[in-house]
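Take a look at the letters that make up each chain.
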Amino acid sequence: MSKIRVYELAKILDKNNKELLDILGNLGIEVKSHMSSIDTETAQLVEDALSGTEGTSDGQEKKKEERQLIKTEIYEVSQGATVKAVAQLIGITPAEAVKTLIAGGLMVPANGPVDGKILKVLEDEYDVVLTMACDEEAEEDDSCTVIKRPKYSGDHLEARPPIVTVMGHVDHGKTTLLDFIRETNITAREAGGITQHIGASTVEQNGKKIVFLDTPGHEAFTAMRARGAQATDISILVVAADDGVMPQTREAINHAKAAGVPIIVAINKIDKPAAKPDRVRQQLSDVGLAPEEWGGSTIMVEVSAKSGEGIPQLLEMILLVAEMEELKADPTVKPKGIVVEAKLDKGKGPVATILVQEGTLCKGDILLFGTTCGKIRAMIDSEGNTIDCAGPSTPVEILGLTAVPQPGEVFESIESERCARGIISDREQEQRSALQGGARKMSLEDLYSQLKEGDIPQLNLLLKSDVQGSGEALAAALEKMTTSEVGINMVHRGVGRIAESDVMLASASNAVIIGFNVRPDPNAKKIAEAEGVQIRLYDIIYDAIDDVKAALEGLLKPTIRQNILGQAEIRQIIKVPKAGKIAGCYVLEGVVRRNARARIIRGGVVLWDGSLANLRRFKDEAREVAAGYECGISLSNYQDFAEGDIIEVYEIVEEKRHLD
C-alpha cells in the first residue's frame, strides 16, 4: 500500500499542516507531525470527510477571501515599537507617519510608542494590516495569532532559493557553522570572535541554492536580528549542546515566531564532552519548540560545526522545509527587495548589501529607497564576482547610490533618476512640514518638565561606524543606558572614517567621538588634539558599552549616607569661665571622633544637629575616644544640653553610584 506524507496531503487539499493535523485528530487518526506518513486509504478518508463543504459556493467564496488576505501586506509590530519604527516597517518616512497621525487627530512624536489607535490610522491611510506582536506571557495563548508572511504574486511564479537566517545566542557557533558550510573562515576575521555585521551568502546543495543570512548573537544586536528575521523564509536556531537555551536564544525564537517563519534547530557542539542534546530538547520544549521525535513539529538536527557531523542532514532539512513552504517569486515583475547592510566606502562611495525578493535586478536599473536613490553602476555577488543581473532570493552588493540607505529599508525600481530625486525631495519636504506642523504651544507643565530635564547631566556622543547596522545597534545599546538622572545625547551618527567635520561638530557640541571599526584621518587627528576633542576607538562592542557606562556613572550624583560612629551619654555639665558649658560624657558605643558631626537626642527626639567643636580626654585634646571611656565634649554654637542627653556622633559619606 503506497504512502503519502501529511504535508504533501495538506498541499493537495489546500490546508496548512496544523489544520490537517487537527482534522486527522478529530477522525481518530494518530500522527506525530506533518512529516509523518499515512497510507492512501487514510488520505482518501480525510478527503471524503472534507468533501461537501469545500465545493459549496460559500466555501469557494471563503477561499477567495483567504487568498486575497494573503496578498495584503501584513506587518508584525513589536511590543513597545515607536512611530518611527512602524514607519520604517511599512516603507514610509517618520515624518509622513507623524503628518498622517496629526491629520487623524493624534499628536504623537516620531519617538512615541504606538497603540491600537495609532495603528488603525496608519492602516487606513496606507492600506496595510498592522498587528501587535505577542508578548512572552501570551506566547502559549491561542488567541495570539502568528502572522503569515505575504506571498509574492505574479503571472510567472517560479521556485526560488530559500532565504535562511542563522540565529542564536552569542558564542553558540553560528558563524562557525556557516564557515563549514561555505568553507570560509569569517570567525577569525571578526573582532573578539563575535559577528558584528549581517553577512549574506549563497551555497549549493544537491544542485539547489540556499541563501544564508548570518546575524549577530550579542544582545546589543537585537534590531539586526529582527531585521534578519523579517527578510527570511526559514530560521536556523543554533543552540550549543553544552550551554543550552540562553536569553538571546529565546529572543531569536520570538523574532522567528513574529515573522511567521518555520524554525529548524541545529544542536551544535555535540562533539564536546559536556554536550547534553536531550537537555537542550527539553529546554526548547519548555519554550514551545517540541522536537519531532517527541511528538512535536520542530525539526532538530545534532551537528558539529567544527567536524561537520550532521551538516549534510541539516542542509537536507532546509531543502525539505523549503519544498513544503512552496517558495516562489516572479522574476518578470518590477524588482523589489530589502537592504541587509550598508556602509560608506572610501573608494567606492555608498555601498549597500541588498536582497532581491522579487523581479530581476540588472545593472543600470534606477532604485528608490526610503531615504536615497541611485543608478546601479556595479553589482557584486556573494562570491565577489561582478554580475549584470540578479533574480529573486539573490543577495548582491550594489554601487551607485547617492547616499547610504538605512538597513531594513525596502527598495523598488523606478523609471528615471530625476523622478527618484523628486520623490526623495518631496519626502524631505514633508518631513520638515510635519515637524513644523506638529509644533504646539508650550504649557507651564511642559516648561517645568523641560527645566527639570535641563538639570540632567548629558553625555554628548558623536558615533561613527564602518557600517549602518553596527552603528544602529551600538547607538541603541548606549541610549538604553539613559536614566532619569543621566542621559546620552547622540549629537550625530554616521558611517565612514572620522573626518575634520566630525571633530569640529564634536568640538562645538562638547561631545566625545566614538569610533567603531573606523579610524580618524590625519587632519582630523591633528584638529582633535588642537581642539581638545576626545576620540575613543573600538572594535568590540562590549568595550565601547563598558567605557560609556563608566563615563555615565561618573556623571551620577553620589549617594549621601550617614555613617553613625558612636553614642555618648552626658553625665555632668562642666562650666568653664569664658568657654561656657562642656559636656562631661561617657562613651556608650562606637567611637567619638573630633571634627565629626553630632546631634543631641533627648527622650528619642533630636533637639539639635551640628558639629563637635572640641574633644578632650582629661586636659589633653583627643583625636577620638572609644567606647568605655570618659571625655569632655564642646559643641559648636550650642550649650542648651542637660544631663542624661545622648550625643550621637556621625559622619557624611559620599558613595559612588553604578548604573543597573
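Predicted model, so just to flag it, every value in this text is computed and none were measured. Within each chain, residues carry numbers counting from 1 in the order of the written sequence. In keeping with the predicted nature of the model, local features appear solely for residues at pLDDT of at least 70, side-chain atom pairs appear and are counted solely at 80 or more, and the whole-chain, interface and lining totals rest on all residues. Based on all heavy atoms of the structure, the side-chain values leave hydrogens and waters out of the count.

Draft legend 1. Inspection of the overall build of the chain at higher detail. Put simply, DSSP marks the helices as runs of H or I at least four residues long and the strands as runs of E at least two long, and each gets a number from the N terminus on. Broken down by element type, the chain carries 18 helices and 33 strands. Across the chain, contacts joining residues at least 24 apart in sequence account for 70% of those joining residues at least 6 apart. We get accessible surface area from the Shrake-Rupley algorithm with a probe of 1.4 Å; when it comes to residues, only the shown protein chains can shield them. If you sum the accessible surface of the chain, you get close to 33,600 Å²; carbon and sulfur atoms cover 48% of it. Residues are treated as being in contact if the distance between any of their heavy atoms lies within 4.5 Å.

Draft legend 2. How the structure looks around the pattern of salt bridges. Any carboxyl oxygen of Asp or Glu within 4 Å of a side-chain nitrogen of Lys or Arg constitutes a salt bridge here. Following the criterion strictly, the structure yields 20 salt bridges and no others. The partner of K120 in a salt bridge is D124, with the nearest N and O atoms 2.8 Å apart. Here K120 pairs with D124, and both are found in helix 7 (residues 116-126), just 4 residues apart, close to one helical turn. Linking E624 and R593 is a salt bridge whose minimum nitrogen-to-oxygen distance equals 3.2 Å. Here E624 is found in strand 31 (residues 624-626), whereas its partner R593 is found in strand 27 (residues 580-593), with 31 residues between them in sequence. For E624, a relative accessible area of 35% gives the class partly exposed. We classify R593 as partly exposed; its relative accessible area is 28%. The structure contains a network of salt bridges with shared partners spanning D278, R281, E293 and E302. Throughout this description, buried means an accessible area under 20% of the type-specific maximum (1.4 Å probe, protein chains only), exposed means over 50%, and partly exposed covers the range between.

Draft legend 3. Just the sheet that holds strand 23 (residues 487-495), in detail. Two strands are counted as paired when DSSP detects at least two bridges linking them. Here we have 4 strands laid out as an open sheet, ordered 23-22-24-25, and parallel in their pairing. At either end of the open sheet lies a strand with only one pairing partner, and these are strand 23 and strand 25 (535-538). In this sheet, adjacent strand axes meet at a mean angle of 25° when their direction is disregarded. Sheet analysis places strand 22 (residues 458-465) next to strand 24 (residues 512-516), joined by 5 bridges and oriented parallel. Fitted lines through C-alpha atoms serve as axes, helices being fitted only where they are in contact, and the angles separating the N-to-C directions of these axes extend from 0 to 180 degrees.

Draft legend 4. Seen up close, the packing of aromatic side chains. Geometry of aromatic contacts follows a simple scheme: Phe, Tyr and Trp rings, the Trp one being its six-membered ring, pair when their centres are within 6.5 Å, and the pair is stacked under 30 degrees between planes, edge-to-face over 60, tilted otherwise. In total, this model carries 2 aromatic pairs according to the counting rule given. When the centroid spacing of 5.5 Å and the interplanar angle of 45° are considered together, the rings of F369 and F411 count as tilted. Taken together, the residues F369 in the loop between strand 16 (366-368) and strand 17 (373-380) and F411 in strand 21 (residues 410-414) connect sequence positions 42 residues apart. For the pair F369 and F411, one class covers both residues: buried.

Draft legend 5. The arrangement of helix 11 (residues 277-286) in detail. By the burial criterion, the buried members of helix 11 are P277, V280, R281 and L284. Looking straight down helix 11, one finds its buried side chains confined to an arc of 100°; they lie on one side. Phi for G288, located one or two positions after helix 11, is positive at around 95°. For this quantity, the arc is that covered by the directions from the helix axis to the C-beta atoms.

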